[in-house]
Amino acid sequence: MRRAALLLTPVAAMALFFGGVALARGAPSNDRTWAADQARLPAIRFEGDAVFLSDIRDFDHTGEGEPRERYRDERYRLDEVQRVWFALAPFANRYRGLAHTFLTFEFADGRFLAVSVEARRERDESYGLLGGIFRAFELTYVIGTEEDLLVVRALRGDTLFLYPARATPAQSRDLFADMLRRADATHREPEYYHTLFNNCNTNLRDHVNRATPAELPWGWGILLPGFSDELALREGLLDTDLDLEAARARFRVDHHARDALLRGASDFSGTIRERAASGGQDRPAR
C-alpha cells in the first residue's frame, strides 16, 4: 500500500500542477507568445468557388540548423482539388499507439497543401500528453506546403506514412472546404486542445464523417492515432488493396522525404510518391 502511494505521488503532483495551470489560463486565447512554427495563423477567405489563403507556412529546411521562416499567399479553386492523402507520423517505433495525423490535398495544377490540427505551443514549450488534458495548449490548424510539414517530421527522425485516400474529387473538395471553415472558426474563436477529445485525430474523424458517406466509429483507432491507418484500411478509406503491413511498407516516405530534400529535388511531392510507388527502391541507409 505504501509503495503504491509513493508511486502515485509524482502523478498526483503533476495533476495538481497542470490543474493549476489550467485554472490560471482561463479562457483560450490567440494572444500569447507562440513557438515560431505556429506563430502565424493563416487568413482564409472564400469567394465563390475559390479560396484565398495568406500566411501559408512554407519553411525552408536545409537539414542543418533551424529552418528559414517563410510564408506565402495562394489562391485555390475548389474544383481543382483532385485527391486527398492521409499522413501518419507515429511518435515511437516500439509502441505505435501515440502518433500525429494530418491530411494533404492534391490540386490539378500539381500543388499540394497540407492541413494539420495541432496543439499550439508557446515559445520554449514542449508538447505533453498530460498538459494536453489540463488545457496547457490551444488548438490550431497549421496550413502549410506539403514539403514543409513532411520534411520537418522526417528530419527529426519520425517515421512517416503517406497513404492515398479513397475519395472522389467531390468528396476531397468537400473535405478541404470543411477543414478550412473549421480552421477559420477556431482562429476566430480559440478553443483548448485536449489530448483525448479535441486533437488531430478526433477532428479528422469529424471532418471525414461530415464530408463523406463514411461513419468512422469511436474506438482505439481514434483514441490511439497510431492505429488510425488500420481503421482507415478496414473502413475502405485507403486507396489500396494491400494488407496493413504491406501498405505500411509501400507508403512509408520518411526516407524518401529526407533523400528528396538532400538531393534538392525540384518536385518534392512527385519524387516521394514515385519512389513509394516503385516499392521503396533506392531507399538510403539510415
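Whatever comes next refers back to the structure up there.
Along each chain, residues carry numbers from 1 onward, in the same order as the chain's sequence is written. Since the coordinates come from a predicted model, pLDDT governs what is reported: local features require at least 70, and pairs of side-chain atoms require 80 or more to be given and counted, while whole-chain, interface and lining totals use all residues. Only heavy atoms go into the side-chain values, all of them from the structure, while hydrogens and water stay out.

Draft legend 1. Representation of the environment of C200 within the structure. Think of it this way: any DSSP run of H or I at least four residues long counts as a helix, any run of E at least two long counts as a strand, and we number them from the N terminus. Mapped onto the secondary structure, C200 falls in helix α5 (residues 200-211). Each C-alpha atom, one on C200 and one on T140, is 9.5 Å from the other, the two residues being 60 residues apart in sequence. With residues near it in sequence (within four places) discarded, C200 still touches A99, H100, T101, V117 and Y193. We call two residues in contact when some of their heavy atoms are within 4.5 Å.

Draft legend 2. Molecular detail of the nonpolar core. In this text, buried Ala, Val, Leu, Ile, Met, Phe, Trp, Tyr and Cys residues form a nonpolar core when linked through side-chain atoms within 4.5 Å. Burial classification: accessible surface area is computed with a 1.4 Å probe over protein chains only, and a residue below 20% of its type maximum counts as buried, one above 50% as exposed, and the rest as partly exposed. By size, the foremost hydrophobic cluster in this structure holds 45 residues, and its most contacted members are L53, F105 and F176. With 5 residues, the top contributor of residues to this core is helix α4 (residues 169-188). Contact partners of L53, with chain neighbours within four places excluded, come to A43, I44, R72, D73, E74, Y76, L113, I143 and L180. Among the nonpolar cores identified, the runner-up in size contains 20 residues, and A87, F112, V142 and A257 belong to it.

Draft legend 3. View of the packing of aromatic side chains. In this scheme Phe, Tyr and Trp rings, the latter by its six-membered ring, pair at centre separations within 6.5 Å, and the angle between planes marks the pair as stacked below 30 degrees, edge-to-face above 60, and tilted otherwise. Tallying each qualifying case throughout the model produces 11 aromatic pairs. Taking 5.4 Å as the distance between ring centres and 85 degrees as the angle between the ring planes, the aromatic pair formed by F107 and F176 counts as edge-to-face. With F107 in strand β5 (residues 99-107) and F176 in helix α4, this pair connects stretches of sequence that are 69 residues apart. Each member of the pair, F107 as well as F176, is classed as buried. In textbook terms, an aromatic cluster arises when at least three aromatic residues are bridged by ring pairs, as seen for Y76, F105, F107 and F176. The ring centre of F59 lies 5.1 Å from the NZ or CZ of R57, which sits over that ring. Here R83 stacks its cationic end above the ring of W85, 4.9 Å away from the centre of that ring. Criterion for a charge above a ring: Arg CZ or Lys NZ at most 6 Å from the ring centre, at most 35 degrees from the ring normal.

Draft legend 4. Broad picture of the pairing of β5. For β5, the tally of buried residues reaches 8 of 9 residues, placing the bulk of the element in the interior. Strands were regarded as paired on the criterion that DSSP finds at least two bridges between them. With 9 bridges joining them, strand β4 (residues 81-90) and β5 adopt antiparallel strand pairing. Each residue of the ladder has a partner; that of W85, found in β5, is T104. Two strands pair when backbone bridges link them, and β5 and strand β6 (residues 112-120) are joined in this way by 4 bridges, in the antiparallel orientation. By the bridge assignment, E106 is partnered in β6 with F112.

Draft legend 5. Molecular detail of the environment of Q38. Within the element layout of this structure, Q38 appears in the loop between α1 (2-25) and β1 (43-47). A relative accessible area of 3% places Q38 in the buried class. Residues within four places of Q38 in sequence aside, it is in contact with E118, A119, R120, R121, T140 and V142.

From the geometry alone we can't say anything about function, so treat these as descriptive.
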